[in-house]
Each structure stands twice: as C-alpha cells, then as structure tokens.
Amino acid sequence: MDKNNIKKQNVYISEEEKTIDWNEIQNAFKKTFGTEIFTSWLQKITLIKEYNDYLILGVPTRFFRDWIVSRYLDKILEQVRSFKLSLNRIEFKIIEESSRTQDVVKIDELNKVTEIKDSILNYNRLNPKLNFSNFVEGKSNEIALSYSKKVCEHISRYNPLYVCGGVGLGKTHLLNSIGLELQSDNNVMYISAERFMYHFIKSIKKNDMVNFKDFFRKSSVFIIDDIQFIRGKESLQEEFFHTFNSLMDKGSQIIISADRTPMKLDRVQDRIKSRLAGGLVVDIEIPDLDLKINIIKEKILEIQNQFKEKIDLSDEVINYIANESKTNIRELIGILNRVIAFSRVHNKILTVNDCKNILKDVFSQIRVVTVDKIQNIVSNFFNIPLSDMLSQRRSRPLARPRQIAMFLAKKMTSRSLPEIGRRFANRDHTTVIHAVKTITRLSEQDDEMKKNISQLKGLLLE
Ligand code: ADP
Ligand code: MG
C-alpha cells in the first residue's frame, strides 16, 4: 500500500492543527451566553486539541460535560465555527480538577513522543466509569451483557464477539467494561475504528507501517468500536482485514461494535463481513420502560455519590422521563441531567408539570426535526419531487431548495456535515459547507429568502 493509493480514496483525514485562539473564542462565548452562564460553565472549558474538523475540549466532570452537551452544544459549535468553518464536531475529555494543569502539560509533552504512544495515552485509555457494575441489565441488553461477561471468563471461545445496536444504546459502555475486566491479565487494545484509521494514515505518511502493524498485532485482546466507520474505505479495510487475521491466528480475542449487523455493512468487502459474522453476533435493542426506569435510578445514585447531595425525584417524575425519552439511553441521561440541574438551581422538588416545561424544547428538537422531515417539508414547500431535490441535477430551481434543506439540517439537527452530505445522495461535506454559507448569506441579504427560511422553520417545529 503506497501513498498514492491512499490519496485516490475519499477518506476523511483529521490532522492536528493550531489556528484558533481559545481566548478569543472564550470572549465570544461571554458575549453570546452572558456573564452568568459564562462564568459558571463555559469559562471552565479548556482547549486540548484542535484538528481540521473537530476540537477536543477539556471539562472538569462528566456531569459538567452532559450538562454542556444537553444545553449548549449547538451554540458552542456554531460559535467556534464562526472562527473556523471546517469544524463540525466537538469531543469532550474529562479532566479531573486536581490534575487538570498536570494533564495539559502531559499532553503537550506527548506531542513530541511518537504518534502511536500518543494514541495509547489519549485515546485508548479505558474509561473506568463505564464498567459492568454500573451497566444496568434489561430485556433489550441481557444477551449482549451475558456474552460480554462470558468473553471475559473464556477468552477466544466466542471470537470475534460482535455487538450491534443503534446509537446510544450502550455498545461503547459494554466494550469498555470488557476492556476494564480483562486489562489486568491481558494486553488490551481499545480503539475506535475512526482512530484506527487516523493512525493508519499517519503511519503511511511517516513511512512507519512496520511500527503500526506491530503495535496493533501484539494485543491479546483487541477491541474496536464503531466498525461501520470503515464502510467505503478500501485501503483501511485491507489493513483491518490483515490485522484481524493475524490476531485471530495467534488466538487473540477480538470484540467489535457496530450500529448494524455484519451483513448490513454496505460498502464493506464480503470477506470482511463474513469474518465479522464468523464468531458470535449479539444485538442490543431499544430499552423498555423498566430498563429506562432502572437506569434513571442508577444514575441518580451515581450523581448523589459523586456530588454528595440528595436528589429528590418522585416516582411519578421518573416515570414521566422514562416514558418521554423514546430514542436512546444517551438521550435519556441528557434529559435526566437537565431535570436534576433545574431542581438544583431552583432548589425545589419537581412536579411532572415542571418537567414538561423544562423539556419542551429538548423534545421538540430531539424528536421532531430529522433530516428526512426537513427534506420532505422543503420539497413540498417548493413543490418539487423529493427525488429531484436529492438528484445530481444542478438547475437553480432544484439547487436552491437542496441548499436550503442542507442549511436547515445543519441548523436544526445535531448531524455532522459529512452525515448530512451522505443523506443528500452522498454529497461531500464541503458541498454542505458551501450550502450553509450561501443560505446564511442570502437570508441576511434577501427578504424573500429570510421569509422562506422562517416559514420553513415554523413548519418544522409545528
Ligand atoms: P453507544 O456506544 O451504543 O452509542 P454508549 O455506550 O455510549 O452507546 O451509551 C450511551 C450512554 O448511555 C452512556 O452514558 C452509557 O453509560 C449509558 N448506558 C447505555 N446503556 C446503559 C445501561 N444498560 N446501563 C447504564 N448506562 C447505560
Ligand atoms: Mg459508542
């Protein structure tokens, strides 16, 4: 595999960069959010790393992160993008208060060390808070959980173990728990498919493939998260296939997660699919009411222990939250954090009605506005067939609505630019950036456009 081969492909590479001035962004935060929110939340965020398309920001606690994510993420992203348009994602890293300054120094030092080492310390670190003891069992995850535990007892019996399920249902939590359980007696490697690719590309550029291969092939337990990321990336698949085979040959345990079953991994080589399906495939399903309630209770206990305070939520309120959150567990926890923060600030025991008010905008945003809905409403609004709007044709009467739909998808959903591009007949993320810029400009200059956008927003939030 040589450099030229890689270049031909449409892979998305993240390179570390240093172009933004964090102080400047902090000042902008202060203006946008006001002093109160700024000093209690945003000021405490630090910049850890900057890449071409995303930032890694440091926050003091997990609760802090969940709170920021559930309330301010969209605005934060919008703000940082006004400084650097290519950013489309923010990752948070939790830095314990006491070791914060120390950590930042460490990361600076790390830049001088080899990239592979960098990966172990920064990205392969297992999160001690995602373990078996705080993974709540329910009907939707009992099989996945039980085999995850069995893998820990009998290495290589179920090989590979392939855990699949929709977003936010607990895959990363399970994989992480397995890693923690096995790490004392094994050489555990835990990495997301995206990071795997990052190191793969880096090693090719540095002409250091030998090191790369050695590094990944020496593990006795290899855990790779979100394997669907390799779809459509030929040379990455090639490398993954060899890594996979060589690990299997030496009897290492492989654990994989994905958002779909192996056979549904389109644009993945057949030989890889059948390898992935060759061990045991377990599924995590949408949680039922019981599980959601139990998870809420578990989280309340965790927060109480962490903050040493009593959290009073009535069964009625817990039931309400569990019933309202329909999509996934990550959303459920985000909502719970919101409710708890509200009761903390207002120092009162909440009623179901209070919750309804607190969550009104969360639900309308999370649940109602999807890329599909935007596409349907926009094509109806301009009276053009949806298939034409999504087609490759570039005539103005189709191109404008298409750009408007992309713009709305960026503004009203949490989808990333590449994800939005894919939903528009596999367009590139730069096309989406261009659409967002164009429509932003037009809606400032052109009254007709301004009116259309505001009507469309109204229709979408109805
Ligand atoms: P995925 O990787 O499938 O997208 P995650 O593992 O990141 O999902 O889970 C999302 C959030 O929900 C995490 O905070 C995780 O700890 C929590 N979570 C998911 N399932 C459970 C469970 N069964 N018990 C406790 N917490 C859970
Ligand atoms: Mg995950």
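Here is what the cut-offs are and how they apply
- Residues numbered from 1 in each chain as written.
- Chains lettered and ligands numbered in written order.
- Predicted model: local features only at pLDDT ≥ 70, side-chain atom pairs only at ≥ 80, totals over all residues.
- Heavy atoms only, no water.
- Salt bridge = Lys/Arg side-chain N within 4 Å of Asp/Glu carboxyl O.
- Helix = DSSP H or I, 4+ residues; strand = E, 2+ residues; numbered from the N terminus.
- Buried < 20%, exposed > 50% of the residue type's maximum accessible area, 1.4 Å probe, protein only.
- Core = buried A, V, L, I, M, F, W, Y, C linked by side-chain atoms within 4.5 Å.
- Contact = heavy atoms within 4.5 Å.

Asks: Explanation requested: the pattern of salt bridges in the structure shown.
Replies: Opposite charge on two side chains makes pairing possible when the charged atoms of those side chains draw close. This structure, assessed with the given rule, holds 13 salt bridges. Of the charged contacts, one joins K213 and E239 as a salt bridge, the two residues approaching to 3.1 Å between their closest N and O atoms. Of this pair, K213 sits in helix α11 (residues 209-217) while E239 sits in helix α12 (residues 234-249), and the two are 26 residues apart along the sequence. According to the relative accessible area criterion, E239 is buried, its value standing at 5%. With a closest N to O distance of 3.8 Å, D270 and K273 form a salt bridge. With D270 and K273 both in helix α13 (residues 270-276) and three residues apart, the pair spans about one turn of that helix. Note on D270: relative accessible area 60%, which makes it exposed.

Asks: How do you make sense of the nonpolar core when you look at a structure like this?
Replies: For soluble globular proteins, the rule of thumb is that nonpolar side chains tend to be buried together. In this structure, F196, F222, I224, I227 and F240 are the most contacted members of the largest nonpolar core, which totals 30 residues. When contributions to this core are tallied by element, the ones reaching two or more residues are β4 (161-164), β5 (188-192), α10 (193-205), α11, β6 (221-225), α12, β7 (253-258) and α13. Excluding residues within four positions of it along the chain, F240 makes contact with F196, F222, I224, I227, I230, I272 and L276. Ranked by size, the runner-up nonpolar core spans 29 residues in total, among them A409, V432, I439 and L442.

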